[in-house]
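Architecture and fold: a report
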Amino acid sequence: MSIHVASALGPYDVHIEPGAVRRLPGLLGDASRVAVIHPASLPSLAERVAGLIDREVTLIGVPDAEAAKTPAVLADCWDALADAGFTRNDLVVGVGGGATTDLAGFVAASWLRGVAYVSIPSTVLGMVDAAVGGKTGINLAAGKNLVGAFYEPRAVLCDLDFCRTLADVDVASGLAEVIKCGFIADPEILRLAQENLADCRDVTGPRFADLVTRAVAVKARVVAADLREATSHGDRVGREALNYGHTLGHAVEKHAHFTWRHGQAISVGMAWIARVSRDLLGLDPALVGLHDDLLGGLGLPLSYPASYDELRPIMSLDKKARGTTLRLVGITAQGHPAIIDTPDEAILRSAYDELAG
Ligand SMILES: NC(=O)c1ccc[n+]([C@@H]2O[C@H](COP(=O)([O-])OP(=O)(O)OC[C@H]3O[C@@H](n4cnc5c(N)ncnc54)[C@H](O)[C@@H]3O)[C@@H](O)[C@H]2O)c1
Ligand SMILES: O=C(O)C(=O)C[C@@H](O)[C@H](O)[C@H](O)COP(=O)(O)O
Ligand SMILES: [Zn+2]
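As a starting point, this report considers the structure included with it. Here the residue numbering is sequential within each chain, running from 1 through the sequence in written order. The order in which chains are written sets their letters, starting at A; the order in which ligands are written sets their numbers, starting at 1. Thresholds applied to this predicted model are a pLDDT of at least 70 for local features of residues and 80 or more for the giving and counting of side-chain atom pairs; totals over whole chains, interfaces and linings are not thresholded and use all residues.

Re the environment of G19
Here is the rule: Only DSSP runs of H or I covering at least 4 residues are called helices, and only runs of E covering at least 2 are called strands; the numbering of each starts at the N terminus. Any pair of residues counts as being in contact when their C-beta atoms, constructed from backbone geometry, are within 7 Å of one another.
One can find G19 in the loop between strand 2 (12-17) and strand 3 (33-39). Once the C-alpha coordinates of G19 and L160 are considered, the two residues, 141 residues apart in sequence, prove to be 7.1 Å apart. Once you skip the residues sitting within four places of it in the chain, G19 turns out to touch D159 and D161.

Now the structure itself:
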């Protein structure tokens, strides 16, 4: 199955199938050299990819997970490209989880002001979210994803076979973003999850493949309409809808020093924003309960062991904030995102305390 992303920066396809990585040779174009950026701890991924490339290959192993998304690692990657004599017709491949593809995409976006990029996500989260839509970047000590660029890949290869080796926590983490797509857009995702949550976690099964495809379809549709996240007003929400659960979620990730998986953190963020949406947007309490049932049922956390006061200052660095006020993405009903501007702090706090309770 292939999903087309009709991006204004450059359209491309997301291929979702077992064995998708075998499409790589057909995507190399006139590149003389290919750099494969991968987690050093997963050499088999790099070998699988490098074995498909009939050009000069530079393997760039980077630290695992969020430890890859730093200015120092970014600079190391630039140095490796310089050593390899990487020119404008050469190509970067990112293979790994969302952290690796966020970094690799930014390396491609910044080297010589932009060289071709192919993204090969190897986690559920990378496939359904991080590798699609052109957001690339790194973290700073001050917060999550604070430096980056919108930069589209030439193609995204979601090889479902790669999911077979994932830890349970990483399957659940990716499914958190899938459930997000259900609440902001596609009701069938919620129906499939409600019907059989255990099946959703079986990465070899048809329900899992359906969920991945549906989430990619949601993301493709949203980013094609608003790549640069610039069109939200009131209840007409563009790309910012994909940030549902992320204002608190990113603060949790930073507070936990990136020891929590992204999907775990945004699970807490979604449980919170659902309650905020109930209190400020009139969201049906039954849908709040559905957040808890689905996320909790997948083994994802619904609370975080820190006070609201510890997390609130971190939330101010959220990219949706303007001036000194927070802007949040809530939902008024399933499939209806809405911007919550200058929210009442007392409500944000009481919703958070409800989670902890
Ligand atoms: N750019 C975007 O639009 C976007 C969207 C969502 C999330 N993100 C970012 O993505 C990151 C989270 O992605 P993630 O959850 O994939 O995290 P990750 O990259 O940290 O990977 C999670 C773990 O999975 C392991 N792993 C990767 N592939 C594997 C495989 N095939 N088999 C076994 N283990 C494997 C990794 O080594 C790592 O330990 C965060 O940095 C988040 O901010 C970006
Ligand atoms: O693609 C988007 O837009 C998203 O918001 C998707 C999120 O799931 C993702 O975590 C993204 O990296 C968040 O971006 P940020 O701009 O809030 O850092
Ligand atoms: Zn996310």
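We are not done yet, so read on.
What to know about the packing of helix 10 (residues 262-281) against helix 13 (residues 345-356)
As a reminder, the rule being used: Geometry is summarised by axes, namely lines fitted to C-alpha atoms with helices restricted to the contacting stretch, and by angles between N-to-C directions that run from 0 to 180 degrees. With respect to orientation, any angle under 35 degrees is reported as roughly parallel, any angle over 145 as roughly antiparallel, any angle of 65 to 115 as roughly perpendicular, and every other angle as oblique. For any helix crossing, the convention is left-handed if the near helix is rotated counterclockwise from the far helix by under a right angle, and right-handed if that rotation is clockwise. Classification convention: Asp, Glu, Lys, Arg as charged; Ala, Val, Leu, Ile, Met, Phe, Trp, Tyr, Cys, Pro as nonpolar; all other residues, Gly among them, as polar.
Their axes nearest at 9 Å, the elements helix 10 and helix 13 cross at an angle of 130°. Between helix 10 and helix 13, the angle is such that the two are oblique. Two packed elements cross with a definite hand, and for helix 10 against helix 13 that hand is right-handed. Note on element contacts: helix 13 touches helix 10 through I347, L348, A351, Y352, E354 and L355, opposite V268, A271, W272, R275, V276, D279 and L280. Of the residues contributing to the contact of helix 10 with helix 13, the split by class is ten nonpolar, no polar and three charged.

Concerning the site of ligand 1
Selection rule: Using a C-beta atom placed from the backbone for every residue, we mark a residue as near a molecule or strand if that atom lies within 6 Å of it. Those domain boundaries reflect an automatic or database domain assignment.
Around ligand 1 sit 29 residues in total, of which A65, G97, G98, A99 and T123 are the nearest. Residue assignment for the shell around ligand 1 shows that the elements contributing at least two residues are helix 3 (98-110), helix 4 (124-130) and helix 5 (168-184). Inspection of the shell around ligand 1 shows a minimum of three residues originating in each of domain 1 (2-164) and domain 2 (168-195 + 231-356).

Examining unusual backbone geometry
The phi torsion of most residues other than glycine is negative, and most of the peptide bonds are trans. Basically, it comes down to this: Buried residues are those with 20 or more other C-beta atoms within 10 Å of their own C-beta, exposed residues have 12 or fewer, and partly exposed residues lie in between; C-beta atoms are placed from the backbone.
Of note, the phi angle at R113 is positive, near 65°, even though the residue is not glycine. Looking at the secondary structure, you find R113 in the loop between helix 3 and strand 6 (116-121). C-beta crowding within 10 Å serves as the criterion here: with 8 such atoms nearby, R113 is assigned to the exposed category. Although it is not a glycine, T342 sits at a positive phi angle of roughly 45°. Among the structural elements, T342 can be located in the loop between strand 11 (336-341) and helix 13. For T342, a count of 12 C-beta atoms within 10 Å puts it in the exposed group.

Side note on the site of ligand 2
Neighbouring residues of ligand 2: D129, G133, K135, K144, N145, E177, E229, R239, L242, N243, H246 and K319. Residue classes in the shell around ligand 2 are distributed as one nonpolar, four polar and seven charged. Counting the residues that make up the shell around ligand 2, at least three belong to each of domain 1 (2-164) and domain 2 (168-195 + 231-356).

Let's talk about the nonpolar core
Worth spelling out the cut-off: Each nonpolar core comprises buried Ala, Val, Leu, Ile, Met, Phe, Trp, Tyr and Cys residues, the members being joined through C-beta atoms within 7 Å.
Among the nonpolar cores identified, the biggest contains 114 residues, and I37, V92, V93 and V212 are the most heavily contacted of them. With ten residues, the top contributor of residues to this core is helix 8 (residues 206-225). When residues of this core are assigned to domains, at least three map to each of domain 1 (2-164) and domain 2 (168-195 + 231-356). If we ignore the near neighbours within four places in the chain, the residues touching V93 are V34, A35, V36, V49, V118 and I120.

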